[in-house]
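# Geometric and topological summary
If you want the building blocks of each chain, they are given just below.
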Amino acid sequence: MRCSRPISTLPRRCPACRSHSARISLEIGVVVVLIEIFIGTVVGGLAGYYGGWVDNLLMRVDDIFLSLPMLPVVIIIGAVMMDMKVEPSKRIYFVMLVLGLLFWPSLARLVRGQILSLREQEYMVAAEALGIRDRHRIFRHLVPNALPNIIVTATLDIGNAILMESALSFLGLGVAAPYPSWGNIINAVNDPNDFALRPWLWIPAGLCILCTVLAINLVGDGLRDAFDPKMKR
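Criteria and cut-off values
- Residues numbered from 1 in each chain as written.
- Predicted model: local features only at pLDDT ≥ 70, side-chain atom pairs only at ≥ 80, totals over all residues.
- Heavy atoms only, no water.
- Helix = DSSP H or I, 4+ residues; strand = E, 2+ residues; numbered from the N terminus.
- Expected span 1.5 Å × (residues − 1).
- Buried < 20%, exposed > 50% of the residue type's maximum accessible area, 1.4 Å probe, protein only.
- Arc of directions from axis to C-beta.
- Salt bridge = Lys/Arg side-chain N within 4 Å of Asp/Glu carboxyl O.
- Core = buried A, V, L, I, M, F, W, Y, C linked by side-chain atoms within 4.5 Å.
- Contact = heavy atoms within 4.5 Å.
- Phe/Tyr/Trp six-rings, centres within 6.5 Å; stacked < 30°, edge-to-face > 60°.
- Axes fitted to C-alpha atoms, helices over the stretch in contact; angles between N-to-C directions.
- Parallel < 35°, antiparallel > 145°, perpendicular 65-115°, else oblique.
- Left-handed = near helix turned anticlockwise from the far one by under 90°.
- Nonpolar A, V, L, I, M, F, W, Y, C, P; charged D, E, K, R; others polar.

### As for helix α3 (residues 52-67)
Spanning 16 residues, α3 covers 22 Å between terminal C-alpha atoms, matching the ideal 22 Å at 1.5 Å per step. V54, D55, L58, M59 and D62 are the residues of α3 that are buried. Taken down its axis, α3 places every buried residue within 110 degrees of arc, on the same side. In α3, the exposed positions that point more than 90 degrees away from the buried face belong to W53, I64 and S67.

### Overview of the pattern of salt bridges
The tally for this structure, following the rule as stated, stands at four salt bridges. D63 is the partner of R60 in a salt bridge, and the nearest nitrogen-oxygen pair spans 2.9 Å. Taken together, the residues R60 and D63, both in helix α3 and three residues apart, mark about one turn of the helix. Using a relative accessible area of 43% as the deciding quantity, one classes R60 as partly exposed. Look at D63 and you get partly exposed, because its relative accessible area is 28%. Bridged by salt links that share partners, the residues R60, D62, D63 and R109 form one connected network.

### Section: the environment of E120
Relative to the helices and strands, E120 resides in the loop between α5 (88-118) and α6 (122-129). Accessibility expressed as a relative area gives 57% for E120, which makes it exposed. For the pair E120 and Y49, spaced 71 residues apart in sequence, the C-alpha to C-alpha distance is 9.8 Å.

### Topic: the nonpolar core
If you look at the biggest cluster of nonpolar residues, it comprises 20 residues, and the most contacted ones within it are I28, V32, V74, I92, L99 and V175. For this core, the secondary structure elements donating two or more residues are α2 (15-50), α4 (70-83), α5 and α7 (134-170). Here L99 is in contact with V32, V74, A161, M164 and E165, once residues within four sequence places are set aside. Formed by twelve residues, the second largest nonpolar core is a distinct cluster that contains A22, W182, I185 and I209.

### Here we look at the packing of aromatic side chains
According to the stated counting rule, one finds two aromatic pairs in the structure shown. Judged by centre distance (5.1 Å) and plane angle (85 degrees), the rings of Y49 and Y50 are edge-to-face. For Y50, a relative accessible area of 40% translates into the label partly exposed.

### A few points about the packing of α5 against α7
Two numbers describe how α5 lies on α7: the axes approach to 10 Å, and their chain directions differ by 150 degrees. In terms of orientation, α5 lies roughly antiparallel with respect to α7. The two elements α5 and α7 meet at a crossing, and its hand is right-handed. Between α5 and α7, the residues in contact are V95, L99, F103, L107, L110, V111, Q114, I115 and L118 and L142, V143, N145, A146, N149, I150, T153, D157, N160, A161, M164 and E165, respectively. Of the residues that constitute the contact of α5 with α7, the class distribution is 14 nonpolar, five polar and two charged.

Nothing here speaks to function; it is all geometry.
And the structure:
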């Protein structure tokens, strides 16, 4: 579903597109986190369980991704997509993929640390004595015990992904017309007079970003307190 109207008309003349922009921004945030969870869990689980050269190799790859400046990288990739004239429908998926590939390293380190402490537990010794395969030990016994921390981190990263996508779209490098998002709705008001004299054109989208990210962060804090009783006072 997309709107055929010019992007400049979206903030004031097409309420349906404004509601659709919320779905696109939220969809990007959720898909980015799903990519992050998949890659981060696999890499962190393998590194933490096997250790040795596997751990060293995977963590050095993790270090390379962590050393990349995220905002400049996504701006460069967005500029490349614009220069290559990538179709707007495909740019949405490229934004999801790029952000997901840049978000996973911190989660991988978290999962690795959890696996390193869990693999020495008695139930893992019993699993080894029973001859359970390594794949099952990692993804059926170790990763589920690290799931609370994964859920909390992923919940908070949904808000970060929405903010990053909104910044890219505001700069014209993310979601492109005729597909609306909160970022390019604000970008549509590119006249300083509109910013100063017509705040109703951009304030609703800005408030949507603020309220959504704030709500997601509050949910993440609540999940952290729920999963970690030591955080409660």
